[in-house]
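Listed below are the residues making up each chain.
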Amino acid sequence: MSTNLKYLSLGILVFQTTSLVLTMRYSRTLKEEGPRYLSSTAVVVAELLKIMACLLLVYKDSKCSLRALNRVLHDEILNKPMETLKLAIPSGIYTLQNNLLYVALSNLDAATYQWPSDSQEIDSKELSAGSQFVGLMAVLTACFSSGFAGVYFEKILKETKQSVWIRNIQLGFFGSIFGLMGVYIYDGELVSKNGFFQGYNQLTWIVVVLQALGGLVIAAVIKYADNILKGFATSLSIILSTLISYFWLQDFVPTR
């Protein structure tokens, strides 16, 4: 059973990561009227959806009893504050990583998807070089932080008997707090002007759901497999994303 869960979770992770990268990139470069959705709010909504999904799973494991659910949450989270606080570190890193993913995918494709400017013309080569540098730095930072967070989270999951869903609730709780702090610091003015859900459309919600699913799948992979196999699944996703971009979407042209 454990082996089946391991390979099932790895397969779902490959599908989820590939789908997320492609849809997120498209959503961040799609030309539409009005303001574009804020990546900082999308990260928060994804964390909240993850918490809701995990609560439903814990509720199911508690034989669909609200009293049992309340007891589990009280015993496993409120009565174990130090165990809960341990998740603040990987949660903060994962929140940073999720925001950096939006930054990377918003900038690395600037040469392909150029946003029109009504006020002035910008040299496309300079914009492309600058955007690619920002995107590259975002990717590198995300890679280094992801490695540490993955190992740390795997250690926590495998050293305790708490369910992976309880751990995800704890992660989502801190992730929501860190995410809201980011919204206030970086996009507070825009949110007060145009609202929290400005620019949201059907594609945005697909991206948010995929990102929330990713948090659950990654936790399952780390629980039933390990962080090394997670790295292989992510690498396979990169290859698939590249092939789809080149052969199907035709928005990626490899250079020598």
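Keep in mind that what you see is a predicted model, and the values were worked out from it rather than measured.

**Observations regarding the packing of aromatic side chains**
Tallying each qualifying case throughout the model produces seven aromatic pairs. Ring centres of Phe 173 and Phe 174 lie 5.3 Å apart, and the angle between their planes is 70°; on these two criteria the pair is classed as edge-to-face. Using a relative accessible area of 45% as the deciding quantity, one classes Phe 173 as partly exposed. Between the aromatic rings of Phe 196 and Phe 197, the centroid separation amounts to 5.1 Å while the plane-to-plane angle is 75°, which identifies the pairing as edge-to-face. The rings of Tyr 37, Tyr 102, Phe 196, Phe 197, Tyr 200 and Trp 205 are connected pair by pair, giving a single aromatic cluster.

**So, the UniProt feature "transmembrane region" (unreviewed entry) in the protein chain**
Following the UniProt record, the feature "transmembrane region" (unreviewed entry) maps to residues 6–25, 37–59, 133–153, 165–185, 205–225 and 232–249 here. Structurally, residues 37–59 comprises 91% helix and 0% strand, and the distance from its first C-alpha atom to its last is 32 Å. With 100% helix and 0% strand, residues 165–185 has end C-alpha atoms that lie 30 Å from one another.

**Observations regarding unusual backbone geometry**
Although it is not a glycine, Lys 63 sits at a positive phi angle of roughly 60°. The residue Lys 63 is located in the loop between helix H2 (39–61) and helix H3 (66–78) in this model.

**A closer look at the layout of surface pockets**
Put simply, the second largest pocket is a space of about 340 Å³. If you trace the second largest pocket, you find 17 residues lining it, with Ser 40, Thr 95, Asn 99, Gly 182 and Tyr 186 closest to the centre. For the lining of the second largest pocket, the secondary structure elements donating two or more residues are H2, helix H5 (88–107) and helix H7 (164–194). Counting residues per element, the lining of the second largest pocket draws most heavily on H7, at six residues.

Conventions adopted
- Residues numbered from 1 in each chain as written.
- Predicted model: local features only at pLDDT ≥ 70, side-chain atom pairs only at ≥ 80, totals over all residues.
- Heavy atoms only, no water.
- Phe/Tyr/Trp six-rings, centres within 6.5 Å; stacked < 30°, edge-to-face > 60°.
- Buried < 20%, exposed > 50% of the residue type's maximum accessible area, 1.4 Å probe, protein only.
- UniProt positions renumbered as here; feature names shortened; annotations may be inferred.
- Helix = DSSP H or I, 4+ residues; strand = E, 2+ residues; numbered from the N terminus.
- 1 Å grid on protein atoms, 1.4 Å probe; cavity = no way out; pocket = protein on both sides within 12 Å on 5 of 7 lines; lining within 4 Å.
- Points joined across faces, edges and corners; volume = space filled by probe spheres on them.

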